[in-house]
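Fold and geometry: a report
For reference, the chains in residue letters:
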Amino acid sequence: MLSQTDTLAEAAMEPQGRVTTLSDPALDEICVNTLRFLAVDMVQKAKSGHPGLPLGSAAMAYAIWDRLFKFNPHDPLWPDRDRFVLSAGHGCALLYALLHVTGFDLPLAELERFRQWGSRTPGHPEYGKTPGVEATTGPLGQGLANAVGMAIAETALAARFNRPGHQIVDHYTYVLASDGDLEEGISSEAGSLAGHLRLGKLIVLYDDNHITIEGNTKLAFTEDRVARFAAFGWHVQRIEQGNDIEAVAIALQAAREERERPSLIQVHTHIGFGSPHKQDTAAAHGEPLGLEEVRLTKEALGWPVEPAFLIPEEALEHFRKAVARGSVAQVQWQARLEAFAEEYPDQAAEFKRVILRQLPKGWDADLPTFTAGEGPLATRIASGKTIAVLGSRLPEMMGGSADLDPSTHTHMEEAGNFEPESLAGRNMHFGIREHSMGAILNGMALHHGLIPYGGTFLIFSDYMRPPMRLAAMNGLRVIYVLTHDSIAMGEDGPTHQPVEQLLGLRSIPGMVVIRPADANETVAAWRIAIERRQGPVALVLTRQGLPVLDLARYPALATGVPLGGYVLADSPQGARPDIILIATGSEVHLALDARDRLAREGVQARVVSMPSTNIFASQSDPYRDTVLPSGVPLLAIEAGASLGWRSYVGPQVAVIGVDAFGASAPGPIVMQHYGFTVENVCKQAHDVLQQAKGGD
Ligand SMILES: Cc1ncc(C[n+]2csc(CCOP(=O)(O)OP(=O)(O)O)c2C)c(N)n1
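A brief look at the structure comes next. On a predicted model such as this, the values are computed, not experimentally measured, just so you know. (Residues numbered from 1 in each chain as written. Predicted model: local features only at pLDDT ≥ 70, side-chain atom pairs only at ≥ 80, totals over all residues. Heavy atoms only, no water.)

Looking at the overall build of the protein
Put simply, the test is: By the criteria applied, helices consist of DSSP H or I runs no shorter than four residues and strands consist of E runs no shorter than two, each listed in order from the N terminus. Each radius of gyration is computed over the set of C-alpha atoms, and the globule rule expresses the reference value as 2.2 Å times the number of residues to the power 0.38. Two residues qualify as a contact provided that any one of their heavy atoms is within 4.5 Å of a heavy atom in the partner residue. With residues, only the protein chains shown are counted as cover, and all accessible areas are computed by Shrake-Rupley using a 1.4 Å probe. His is not counted, nor are the chain ends; Lys and Arg add positive charge and Asp and Glu add negative charge. Note on charges: their place is set at NZ of Lys, CZ of Arg, CG of Asp or CD of Glu.
When you go through the protein residue by residue, the secondary structure sums to 26 helices and 20 strands. Computed over its C-alpha atoms, the radius of gyration of the protein comes to 28 Å, within 12% of the 26 Å expected for a compact globule of 696 residues. The dimensions of the protein, computed from C-alpha atoms along their principal axes, are 90 × 60 × 45 Å. For the protein, the share of sequence-separated contacts (at least 6 apart) that also reach a separation of at least 24 residues comes to 76%. As displayed, the protein has an accessible area near 25400 Å², and 53% of this comes from carbon and sulfur atoms. Treating the 58 positive side-chain charges of the protein as one cloud and the 81 negative ones as another, the clouds have centres 4 Å apart.

What to know about the nonpolar core
Note the cut-off: Working definition of a nonpolar core: buried Ala, Val, Leu, Ile, Met, Phe, Trp, Tyr and Cys residues. They are joined through side-chain atoms within 4.5 Å. Buried residues are those whose accessible area, probed at 1.4 Å on protein chains only, stays under 20% of the maximum for their type, while exposed residues exceed 50% and partly exposed ones sit between those limits.
Ranked by internal contacts, the top residues of the largest apolar core, which has 83 residues, are Met397, Trp526, Leu581, Ile582, Leu628 and Ile637. The dominant element in this core, judged by the number of residues it contributes, is helix α19 (residues 519–531), at eight residues. Setting aside anything within four residues of it in sequence, one finds Leu628 in contact with Ile580, Ile582, Arg606, Val608, Met610, Phe616, Leu634 and Val649. The next biggest cluster of nonpolar side chains, apart from the first, holds 72 residues, and it includes Val85, Phe161, Phe418 and Leu476.

A word on the site of the ligand
This is how the line gets drawn: Here a residue counts as near a molecule or strand whenever at least one of its heavy atoms sits within 4 Å of it. The term polar contact refers here to a pair of N or O atoms within 3.5 Å; inside protein, the definition further demands a hydrogen-donor-capable atom paired with an acceptor-capable atom, and it admits residues adjacent in sequence only when both atoms are side-chain atoms.
Lining the immediate environment of the ligand, one finds 15 residues, of which His90, Gly138, Ser178, Gly180 and Asn209 sit closest. Contact between the ligand and His90: an oxygen atom at 2.7 Å from a side-chain N or O atom of the residue. About the coverage of the ligand: the protein hides 74% of its 590 Å² of free accessible area.

Some remarks on helix α17 (residues 465–474)
Buried within α17 are the following residues: Pro467, Met468, Leu470, Ala471, Ala472 and Asn474. For α17, the elements touching its buried residues are α6 (142–161), α16 (434–447), β12 (479–483) and α18 (501–506). Once α17 finishes, Gly475 follows within two positions and takes phi at roughly 70°, a positive value.

Quick look at the pairing of strand β1 (residues 83–86)
Regular strands have side chains that alternate between both faces of the sheet. Convention followed: By this definition, two strands are paired if DSSP reports at least two bridges between them.
Covered by surrounding structure in β1 are Arg83 and Val85 together with Phe84 and Leu86, the residues of both alternating faces. Relative to strand β2 (residues 173–178), β1 is paired through four bridges, and the arrangement is parallel. Each residue of the ladder has a partner; that of Arg83, found in β2, is Thr173.

Let's talk about the sheet that holds strand β9 (residues 397–401)
Strand pairing in a sheet relies on backbone hydrogen bonds. The paired strands run either parallel or antiparallel. Rules: The axes used here are C-alpha line fits, helices contributing only the stretch in contact, and every angle between their N-to-C directions lies in the interval 0 to 180 degrees.
The strand order across the open sheet built from six strands is β10-β9-β11-β12-β14-β13, with neighbouring strands paired in parallel fashion. The outermost strands of the open sheet, each flanked by one partner alone, are β10 (427–429) and β13 (512–514). The sheet shows a mean angle of 20° between the axes of neighbouring strands, direction not considered. Note that β12 and strand β14 (residues 537–540) share four bridges and pair parallel. Each residue of the ladder has a partner; that of Tyr480, found in β14, is Ala538. Helix α14 (residues 379–393) rests against β9, β11 (451–457) and β12 of the sheet, and its axis sits at about 150° to β9. This element, α19, spans β9, β11, β12, β13 and β14 of the sheet and lies at about 150° to β12.

Quick word on the packing of aromatic side chains
Two aromatic rings are characterised by how far apart their centres lie and by the angle between their planes. So the rule is basically this: Stacked, edge-to-face and tilted labels apply to pairs of Phe, Tyr and Trp rings (six-membered ring for Trp) whose centres lie within 6.5 Å, assigned for plane angles under 30 degrees, over 60, and everything in between, in that order. Remark: a charge is flagged as sitting over a ring if the NZ atom of Lys or the CZ atom of Arg is within 6 Å of the ring centre and within 35 degrees of the ring normal.
The full count for this structure, using the stated rule, is 23 aromatic pairs. The interplanar angle of 80° and the centroid separation of 5.4 Å between the aromatic rings of Trp65 and Phe84 together place this pair among those described as edge-to-face. Linking Trp65 in helix α3 (residues 52–68) with Phe84 in strand β1, this pair joins segments that are 19 residues apart in sequence. The interplanar angle of 5° and the centroid separation of 5.9 Å between the aromatic rings of Phe71 and Phe104 together place this pair among those described as stacked. One end of the pair, Phe71, is in the loop between α3 and β1; the other, Phe104, is in the loop between α4 (92–102) and α5 (108–112), with 33 residues separating them in the sequence. Here Phe71 matches Phe104 in class, with each residue buried. Following the ring pairs from residue to residue traces out a cluster consisting of Trp65, Phe69, Phe71, Phe84, Phe104, Tyr172 and Tyr174. In this structure, Arg163 packs its charged tip against the face of Tyr344, placed 5.4 Å from the ring centre. Geometry around Tyr172 places Lys201 over its ring, the cationic atom sitting 5.6 Å from the centre.

Focus: the pattern of salt bridges
Oppositely charged side chains can pair when the atoms bearing their charge come close. Convention followed: Salt bridges are identified by distance alone: a Lys or Arg side-chain nitrogen within 4 Å of an Asp or Glu carboxyl oxygen.
Summed over all chains, the structure comprises 36 salt bridges. Two residues, Arg67 and Asp66, come together in a salt bridge whose shortest N-O distance is 2.7 Å. Exposure remark for Arg67: the relative accessible area of 8% places this residue in the buried category. A relative accessible area of 4% means that Asp66 is categorised as buried. For Arg606, the salt bridge goes to Asp570, with nearest N and O atoms at 2.8 Å. Taken as a pair, Arg606 in strand β18 (residues 605–609) and Asp570 in the loop between β16 (566–569) and β17 (579–583) lie far apart in primary sequence, 36 residues in all. A relative accessible area of 30% places Asp570 in the partly exposed class.

Here is the structure:
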């Protein structure tokens, strides 16, 4: 056995701080069985979970973690660590076992509390809850696509910061993916893009155990997966014997040396390996083996039946070498960073800034202010103009759209395209792949060092919703640019006209949705999005031109947007209003026009612009009361589902909304037919007032 000092000395000679562990098959087997049975015991004690994947894939996971993985258990977030994503999140007992034995801050007691209230070992990995968990996974396919995003981030940052003789960004992204991950369509979207981008430092181990919940994959999944990824442009390998650690390690090494293509290694394994009655069956997938079967499995693999949660001393000693190895790797990297800083002080400071996700001084200095004379201007175009400025001030901004840039206005002039030939480019072309775009954005955000954004039509946010939900759950700074935001987008008709999407996005906990009313509200919305470090922001923008509100006439606009909702135009006589018209986005202009007409009709209306119901909800009660004083009738106007408004502003609100699918016709005509006219708003306002007075 090497002592820790020997290990440090040996590791110090390795260029990457990696140690080629002296192979000791007997010790390897003990280590792998330690992982297997920690996982099995966790699931058994919790009386729920997934023992099959850990039993089958512990050996390949061990091959990565023991032989190649660059990580520091005592500093799980150091920037140049390799990333490991367990895309098959249901197998997380294996990951928790690895984290514990290698020395992360995850005590054995946490393993014993697997899936229990308040534990750091939840039923699927949750980013931020458990040190060493790089991404929240569980919805199959997401983790794989997150990893593509992480590999993109690594590649982009390496291109931006590395200099000859200075490799300060140089790490791999490893994924453990299952049949389910590869069956999900997102794996093809993400795999296709990864192959196109030639992400050579992305390595996927595919746990090919032929079993999913309903049985054998022959039921529904028979294509040649390896050929599929080869067709995507990946480097592919097959390993017949998944428990052959050396074979896996050799394949991983070959994958690392292949720098032009991402790698998929198909590894044949046996779900529930060792279990006499459950191996190779769906019964091993998602339920405890049962006490008797646990005993039989331990006996079959030569493992002591008691005690549960056994970690033999020699295994622990071996695993814990990761701590010394990791700290050496990190120290070496820090030395490289210092050398880099000597020669390139500005770039080094910039690197630290982006990794720490700080904004540079004066980042918002040149943001545009639009004047009324510049209207009509669609908010998507105002957004594009804002992106142009932000993109030049924030080199960490990286994004694009799902093949809709001419419509979403998400391109950054002069930032170049991110392509294999131009890896320092910052404009992404995600292709028509909204689902993976969302998950890739998440991976980019998880990596740190970038502000990722992605654009598509609001209607197609439906295609991106699973990763949007995860962005909110992970607390990731991802920005969505969602244009063509209502039935007013017109001729393309109901398939392209969002109705329930606003409501749907607002209902995601932690998602901030902003639907600005004009160009200046759009700039303010972008400011919020850039400053929000702990969660996603969806900017919901119009296709059609909108007037630019005159800041002299509506001074509240200058400061109102960060409050979510504010009094844009008070009742004309400044008295307590008879009614409050609440509107978002394009409908704010309708509300303003209605306010004028109502005044002529003897009704004093206040107009509240509410670009973000989510942000407004987080304001203090006194502030909300000043905007919406109790007792004043409310009428909300929004070209989207009316459901939701009661929870945003109170049970008494009346709503002019869209509660049916739209129609194909020019936008103004559609809006007119759905009641978005000054006449109808005024009529509804009178009705509301009538009802408030108790009339009918
Ligand atoms: C998007 C999504 N759909 C469905 C599920 C439910 N689910 C969990 S695991 C699984 C399939 C398991 O098969 P596989 O991926 O091969 O894992 P293994 O059986 O090898 O553990 C399914 C359908 C899920 N987690 N995510």
